[in-house]
Amino acid sequence: MKKAAGKTAVIIGAQWGDEGKGKIVDVLSQNFQVVARYAGGHNAGHTVIINGKKFILQLVPCGVLRPGCLSVIGNGVVLDPMAFLKEVGALRANHVAVDGHLFVSNRAHVILPYHRMIELASENAPGRVKIGTTSRGIGPTYEDKMGRRGLRVADMFDSATMEQHIENACREKNTIAHALFNSAPIDPHQMFEEYATAAEELRPFVRDTAALLNRSLREGKNIMFEGAQGTMLDIDHGSYPFVTSSSATSGGAVIGTGVPPNAIQDVIGITKAYCTRVGEGPFPTELHGADGEDLRAKGNEYGAVTGRPRRCGWLDLPLLRYSAMINGFTWLVVTKLDVLDHLAEIPVCVGYRVDGKPTDEIPARGTGYEKIECIYKTMPGWRTPTVGIDHFDKLPQAAQEYLRFIERETDAPIGMVSTGPDRDQTMLVKGFAEAFGVTMDGGESHG
Ligand code: GDP
Ligand code: IMO
Ligand code: MG
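Numbers given for residues are sequential positions, taken from 1 along each chain in its written order. Starting at A for chains and at 1 for ligands, labels are handed out in the order in which the entities are written. Local features in this predicted model are restricted to residues of pLDDT 70 or higher, and side-chain atom pairs are both shown and tallied only at a pLDDT of 80 or more, whereas totals for entire chains, interfaces and linings draw on every residue. Hydrogens and water are ignored here; the side-chain numbers use all heavy atoms of the structure.

Enquirer: Pulling in residues and values, what's your account of the coordination of the magnesium ion (ligand 3)?
Expert: Each metal's donors are the N, O and S atoms within 2.8 Å of it, or within 3.2 Å when it is Na, K or Ca, and because water is not part of the set, sites may look incomplete. Looking at the metal site, the magnesium ion (ligand 3) is ligated by Asp18 (OD) and Gly45 (O), spaced 2.1 to 2.2 Å from it. On the criterion of sequence distance, the pair formed by Asp18 in the loop between strand E1 (8-13) and helix H1 (21-28) and Gly45 in the loop between strand E2 (34-37) and strand E3 (46-50) is long-range, its members being 27 residues apart. Each residue is assigned to one of three classes by its accessible area relative to the maximum for its type, calculated with a 1.4 Å probe on protein chains only: buried under 20%, partly exposed between the two thresholds, exposed over 50%. The exposure class of Asp18 is partly exposed, given its relative accessible area of 23%. Here Gly45 falls in the buried class, since its relative accessible area comes to 13%. Helical segments are the DSSP runs of H or I of at least four residues, strand segments are the runs of E of at least two, and each set is numbered from the N terminus.

Enquirer: Go over the packing of helix H3 (residues 113-123) against helix H5 (residues 159-181) with me, naming the residues and quoting the values.
Expert: Taken N-terminus to C-terminus, the directions of H3 and H5 make an angle of 10 degrees; their axes are 10 Å apart at the nearest point. As summarised for this structure, H3 and H5 are arranged roughly parallel, according to the angle between their axes. Of the residues in H5, those touching H3 at Tyr114, Met117, Ile118, Ala121 and Ser122 are His165, Ala169, Cys170, Lys173, Asn174, Ala177 and Phe181. In the scheme used here, Gly and all other residues not listed as nonpolar or charged are polar, with Ala, Val, Leu, Ile, Met, Phe, Trp, Tyr, Cys and Pro taken as nonpolar and Asp, Glu, Lys and Arg as charged. When its residues are assigned to classes, the contact of H3 with H5 shows 8 nonpolar, 3 polar and 1 charged. Helix axes are fitted only over the stretch in contact, all axes being lines through C-alpha atoms; the angle between N-to-C directions runs from 0 to 180 degrees. For this classification, under 35 degrees means roughly parallel, over 145 means roughly antiparallel, 65 to 115 means roughly perpendicular, and everything else is oblique. Contact criterion: two residues are considered in contact whenever any of their non-hydrogen atoms come within 4.5 Å of each other.

Enquirer: Break down the sheet that holds strand E10 (residues 223-226) for me, with residues and values.
Expert: Whether two strands pair comes down to DSSP finding at least two bridges between them. Ordered in space as E9-E7-E5-E2-E10-E1-E11-E14-E18-E19, the 10 strands form an open sheet in which the pairing is mixed. Bordering the open sheet on either side are strand E9 (206-207) and strand E19 (426-428), each of which pairs with just one other strand. Where H1 meets the sheet, its contacts fall on E1, E2, E10, strand E11 (266-272), strand E14 (331-335), strand E18 (414-418) and E19, and the angle it forms with E1 comes to roughly 160 degrees. Here helix H7 (residues 209-218) sits on the sheet and contacts E1, E2, strand E5 (70-73), strand E7 (102-105), E9 and E10; the angle it forms with E5, its principal contact strand, is near 140 degrees.

Enquirer: Describe the nonpolar core, with residues and values.
Expert: Nonpolar core, defined: a set of buried Ala, Val, Leu, Ile, Met, Phe, Trp, Tyr and Cys residues in which side-chain atoms within 4.5 Å join the residues together. Core analysis: the largest hydrophobic core is formed by 64 residues, its most contacted members being Leu28, Leu65, Phe84, Ile268 and Phe436. Here this core takes 6 residues from helix H6 (residues 188-202), the largest share from any one element. As used throughout, domain bounds are those supplied by an automatic or database domain assignment. Both of domain 1 (8-95 + 208-436) and domain 2 (109-205) provide at least three residues apiece to this core. If near-sequence neighbours (up to four positions away) are discounted, Ile268 is found in contact with Ala9, Val10, Ile11, Ile12, Leu28, Phe329, Trp331, Val333, Phe432 and Phe436. In terms of nonpolar packing, the next biggest core, distinct from the first, is built from 56 residues, Val259, Ile346, Leu403 and Ile414 among them.

Below, the structure written as structure tokens:
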């Protein structure tokens, strides 16, 4: 294939998700003609606020909010047709143009009601490791995909195949769920009727999206790959088993959309100015007392999808360096700087110590995390509001130093800083604006 003339970038959560990816995709999408999701499903919740109007996107890429931008749900996503149609309905009700602008891969795997049933039952089963999932059926759907017994979007248009698939799967899942968890059985006939109806509504959106994306590459269009979840939730590289079931890291963009690895030019890591995590699992810099509650309140740290309170802690640089290594960040974006505005001092974890010895390695096992002792450096706070500051040089000196410190420690240049949830509350750092052809005068949108 000829080398792409357009720009391509993948947006990655550098921590445990909810870093503000949606907002950053939205700002950048002013100069991207295509935005593609490549992993996860409606476990994601990407918030975009445009002139005070809030959108929470779960499956649909945030590019949909830009008129003329094509949105693609790639093969690596697991698609709940009902959730998708509901989201499309909500977008239409908000006068967002979806028809002819939004496409779903024919190779994406389908989430069915028994996936949710199995997940709910197994999460609560005695002796199981509780992950604290979003209960959307994500894990069991990826299990069926890897087990080569999944239903793909393309199969929904062959009525006999889908009926047979649902019947066989229900027999198997009902037996397992009854034997293991004593769950009530699911009726395959009703399920088939509902999904056959949904298939007809879904049909106009379905394409060979790998072909569509590669065509867009050849045409020199700018394409952004919108990551969901975060590096530490990646099935391979995250804090296993407390992870999601997909490849959330930059490599996933290739597998999850069908573009070749050499088509991706930039990898933009999104990090909060501190850390959060939802659900169970290790979190070395977690704050359990008043400081954690303070960050939660100031940062409004409640899940966009589940409303669950997010666990909060200080910035973890060993983790961020690991994330930069796995993903190959060419740029870093720091969000929620404003949440630290009131602090006199800001502790940052600069290293780990295990059994008295300094280490930068991220443990492969949960028990390894328990042994971590975080080494903190205390940075001076700025105690001045940064909300809406539009230029890096206008930030308080201590805030500039905080950001420069992160940059040095991760060896990734900071391209953007976010100091509020609204699209406008963002500053572009020199070099980044030019690299991606973006400005902060807003651009056209549905907001
Ligand atoms: P995503 O999943 O990575 O897209 O992030 P979420 O939307 O789940 O969570 C990020 C939350 O932080 C949302 O409520 C955003 O509106 C909000 N947010 C994003 N950037 C900023 C920021 O710079 N400052 C503040 N205070 N809130 C922000
Ligand atoms: P965005 O894209 C934060 C977490 C869940 C749970 C674990 C597994 O908005 O950043 P799953 O339902 O995926 O099997 O749950 O992963 N999780 C997220 N946490 N942001 C997300 O997405 C998440 N998606 C999944 O809380 O701990
Ligand atoms: Mg989110």
